[in-house]
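# Understanding the architecture of this molecule
Chain residues, written in single-letter form:
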Amino acid sequence: MRQIPVDTAAMTVMLIQAPEPKIKNRETAEVATDRQSGKTLFNVNVAVIVDGRPDALTIVVAEDGIQPDLFPGAPVALPGLVARPWENDFGHGISYRATAVMAAQVQTASNGKA
């Protein structure tokens, strides 16, 4: 599957809600796991703001990549973020996956005074 790296340098990213386990099968409530590591996958809902325009995205992150003390509204960083185009019989779209979600370093505004 093709992966496209996403540069978040020009974005502000904020956590919308606490990460939740990704459900693989809604009928059985089976939780999704990473095929290689076997770790539980989580959906991380974020607001991405570019040029003052917000958009909500869901990013998939393995359980060991989630910083535990995050809270809704917190600015976050998404290292290793990639976009993956997908298509099946029911439609097409883009899914997003990151190696981690962690608190972002926020730059404070300067008023020019020392």
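For the structure itself, look to the data block above.
First things first, this report covers the structure right here in the doc.

Conventions adopted
- Here the residue numbers are simple positions, counted from 1 along each chain's written sequence.
- Since the coordinates come from a predicted model, pLDDT governs what is reported: local features require at least 70, and pairs of side-chain atoms require 80 or more to be given and counted, while whole-chain, interface and lining totals use all residues.
- No hydrogens and no water enter the side-chain calculation; it runs on all heavy atoms of the structure.
- Here, nonpolar core refers to any group of buried Ala, Val, Leu, Ile, Met, Phe, Trp, Tyr and Cys residues whose side-chain atoms link them within 4.5 Å.
- Each residue's exposure class comes from its accessible area (1.4 Å probe, protein chains only) as a fraction of the maximum for that residue type: buried when under 20%, exposed when over 50%, partly exposed otherwise.
- The helix count covers DSSP runs of H or I at least four residues long, the strand count covers runs of E at least two residues long, and both are numbered beginning at the N terminus.
- Residue contacts are defined here by distance: any two heavy atoms, one from each residue, within 4.5 Å place the two residues in contact.
- The rule for pairing is simple: two strands pair if DSSP sees at least two bridges between them.
- Under this definition, polar contacts are N or O atom pairs within 3.5 Å; protein pairs additionally need one hydrogen-donor-capable and one acceptor-capable atom, and for neighbouring residues in sequence, both atoms have to be side-chain atoms.
- The salt bridge criterion pairs a side-chain nitrogen of Lys or Arg with a carboxyl oxygen of Asp or Glu, the two atoms within 4 Å.

## Comments concerning the nonpolar core
Within the largest apolar cluster, 15 residues are counted, with the highest numbers of intra-cluster contacts made by Val44, Val46, Ile59, Val76, Leu78 and Val101. When residues of this core are traced back to their parent elements, those giving at least two are strand S2 (12–15), strand S6 (41–50) and strand S7 (53–62). Ranked by the residues each element gives to this core, the list is headed by S6, at four residues. Filtering out sequence-adjacent residues up to four positions away, Val44 remains in contact with Leu15, Pro19, Leu57, Thr58, Ile59, Val61 and Val101.

## Focus: the pairing of S2
Burial along S2 is one-sided: Val13 and Leu15 are buried, and none of Thr12 and Met14, which face the opposite way, are. As judged from the four bridges shared by S2 and S6, these two strands associate in the antiparallel manner. Opposite Val13, over in S6, you have Val48 as the bridge partner.

## Quick look at the side chain of Asn45
With respect to the secondary-structure elements, Asn45 resides in strand S6. Overall, the relative accessible area of 18% leaves Asn45 in the buried class. Looking at Asn45, its side chain comes within polar contact range of the side chain of Thr58, at 2.6 Å.

## Section: the pattern of salt bridges
Applying the stated criterion across every chain yields a total of three salt bridges. One salt bridge in this structure joins Glu30 and Lys24, with 4.0 Å as the shortest N-O distance. Given a relative accessible area of 38%, Glu30 falls into the partly exposed group. Using a relative accessible area of 59% as the deciding quantity, one classes Lys24 as exposed.

## Quick notes on the side chain of Asp34
By the secondary structure assignment, Asp34 is in the loop between strand S5 (30–31) and S6. Beyond its immediate sequence surroundings of up to four residues, Asp34 is in contact with Lys39, Leu41 and Arg97.

## Regarding the pairing of strand S9 (residues 82–88)
Bridge count for strand S1 (residues 4–5) against S9 is two bridges, and the pairing is antiparallel. Its bridge partner lying in S9, Ile4 is registered against Ala83. Here S9 pairs with strand S10 (residues 91–97) via seven bridges, running antiparallel. The residue of S10 that forms the bridge with Glu87 is His92. Count of turn residues in the S9/S10 antiparallel hairpin: two residues.

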